[in-house]
Amino acid sequence: MDSLNQTRVTEFVFLGLTDNRVLEMLFFMAFSAIYVLTLSGNILIIIATVFTPSLHTPMYFFLSNLSFIDICHSSITVPKMLEGLLLERKSISFDNCITQLFFLHLFACAEIFLLIIMAYDRYVAICTPLHYPNVMNMRVCIQLVFALWLGGTVHSLGQTFLTIRLPYCGPNIIDSYFCDVPLVIKLACTDTYLTGILIVTNSGTISLSCFLAVVTSYMVILVSLRKHSAEGRRKALSTCSAHFMVVALFFGPCIFIYTRPDTSFSIDKVVSVFYTVVTPLLNPFIYTLRNEEVKSAMKQLRQRQVFFMKSYT
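Every chain is numbered independently, its residues counted from 1 as its sequence is written. The model is predicted, so local features are restricted to residues of pLDDT at least 70 and side-chain atom pairs to those at 80 or more, both for listing and for counting; the totals for chains, interfaces and linings are taken over all residues. Excluded from the side-chain calculation are hydrogens and water; included are all heavy atoms of the structure.

### Focus on the nonpolar core
In this description, a nonpolar core means a group of buried Ala, Val, Leu, Ile, Met, Phe, Trp, Tyr and Cys residues linked to one another through side-chain atoms lying within 4.5 Å. Buried residues are those whose accessible area, probed at 1.4 Å on protein chains only, stays under 20% of the maximum for their type, while exposed residues exceed 50% and partly exposed ones sit between those limits. One finds F31, F62, L66, M81, L115 and V277 to be the most contacted residues of the largest nonpolar core, which totals 67 residues. Here a helix means four or more residues in a row that DSSP labels H or I, a strand means two or more in a row labelled E, and each is numbered from the N terminus. Listing elements by their share of this core, those giving two or more residues are α2 (21-51), α3 (58-86), α4 (94-127), α6 (138-164), α8 (193-224), α9 (230-258), α10 (268-290) and α11 (292-311). The dominant element in this core, judged by the number of residues it contributes, is α4, at 15 residues. Other than its neighbours up to four places away in sequence, F62 contacts L114, I117, M118, D121, M136, C141, L144 and V145. Of all hydrophobic cores here, the second largest spans 19 residues; its members include L101, I174, L187 and A188. Here, residues are in contact when the closest pair of their heavy atoms is within 4.5 Å.

### Digging into the pattern of salt bridges
Any Lys or Arg side-chain nitrogen located within 4 Å of an Asp or Glu carboxyl oxygen qualifies as a salt bridge. Across all of its chains, the model carries six salt bridges by this definition. Measuring nitrogen to oxygen at the nearest pair gives 2.8 Å for the salt bridge that ties K90 to E24. A residue pair is termed long-range when its members are at least 10 positions apart, and K90 in strand β2 (residues 90-93) and E24 in helix α2 qualify at 66 residues. The same class applies to K90 and to E24, which are both buried. The partner of K269 in a salt bridge is D175, and the shortest N-O contact between them spans 2.8 Å. On the criterion of sequence distance, the pair formed by K269 in helix α10 and D175 in the loop between β3 (173-174) and α7 (181-185) is long-range, its members being 94 residues apart. Overall, the relative accessible area of 45% leaves D175 in the partly exposed class. Through salt bridges that share partners, R21, E24 and K90 make up one connected network.

### Examining the UniProt feature "transmembrane region" (unreviewed entry) in the chain
UniProt positions are given in the numbering used here, feature names are shortened, and annotations may be inferred rather than shown by experiment. Here the UniProt-annotated "transmembrane region" (unreviewed entry) positions come out as residues 25-47, 98-120, 140-158, 206-225, 237-258 and 270-289. Structurally, residues 25-47 is divided into 100% helix and 0% strand, and its ends, taken at the C-alpha atoms, are 33 Å apart. Structurally, residues 206-225 comprises 95% helix and 0% strand, and the distance from its first C-alpha atom to its last is 29 Å.

Here it is, written out as structure tokens:
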């Protein structure tokens, strides 16, 4: 035990996305632009939701929470990745690595639970509209948001505990650009088969079961739409299709990565880039481009900005 403590790994080294410096510079410029758009797009949705009275509804309350989670989720990995693209040696301390994977799983799990809540919100609004004001009042919405953060914290603590309990005394090379549980436990100086099974049981089961639950809820919604008017069906389908696009874009990579124990593929980095960098950007674009109320709120904010600028000139 003493020898393990004396040789304990103090930092990990990332291999990054590529060892080609030209590609790294291209990736840096592209991902920097994506990150700026992600922050600005999601911040705009939050501002529009807060300052537009017509958006003070449960659906947009949850949407603003989704934007907040996406900001946090991308900020856990993207800044470190951008730093690594500029540096020849890409490293992270052991403590920072554990912190990164903790918050990565916290925000990812919180987003999973939030997508379920959003699907349930649409189910109640479309299938039982008369009961919607009582079922989804603001008190219930706040309780649901508190529950998703609690659930995300419990999940993340479990993943972090499974990781830090292992001894790390040898290899310290991570073939990626961020710390994640499956990547880190491969470097442990012990057999990790059982740990890998527990991680798949936890993360994989949550991802797959929650995805199936969301899909089932939308199937029920589609069946119930037959009783609605043509205009009602059009509006409901527009909202639900936007939600389902977000669900598919987020759950697909999560299921691909976390439902297979101790297995890696060459495409893993591409999938990781998609759900840590691209998906948080797509969410605001999907909702603003397909949702008339959000687009209207954006126009109102723009008009207010122009008005205030003229007032002070």
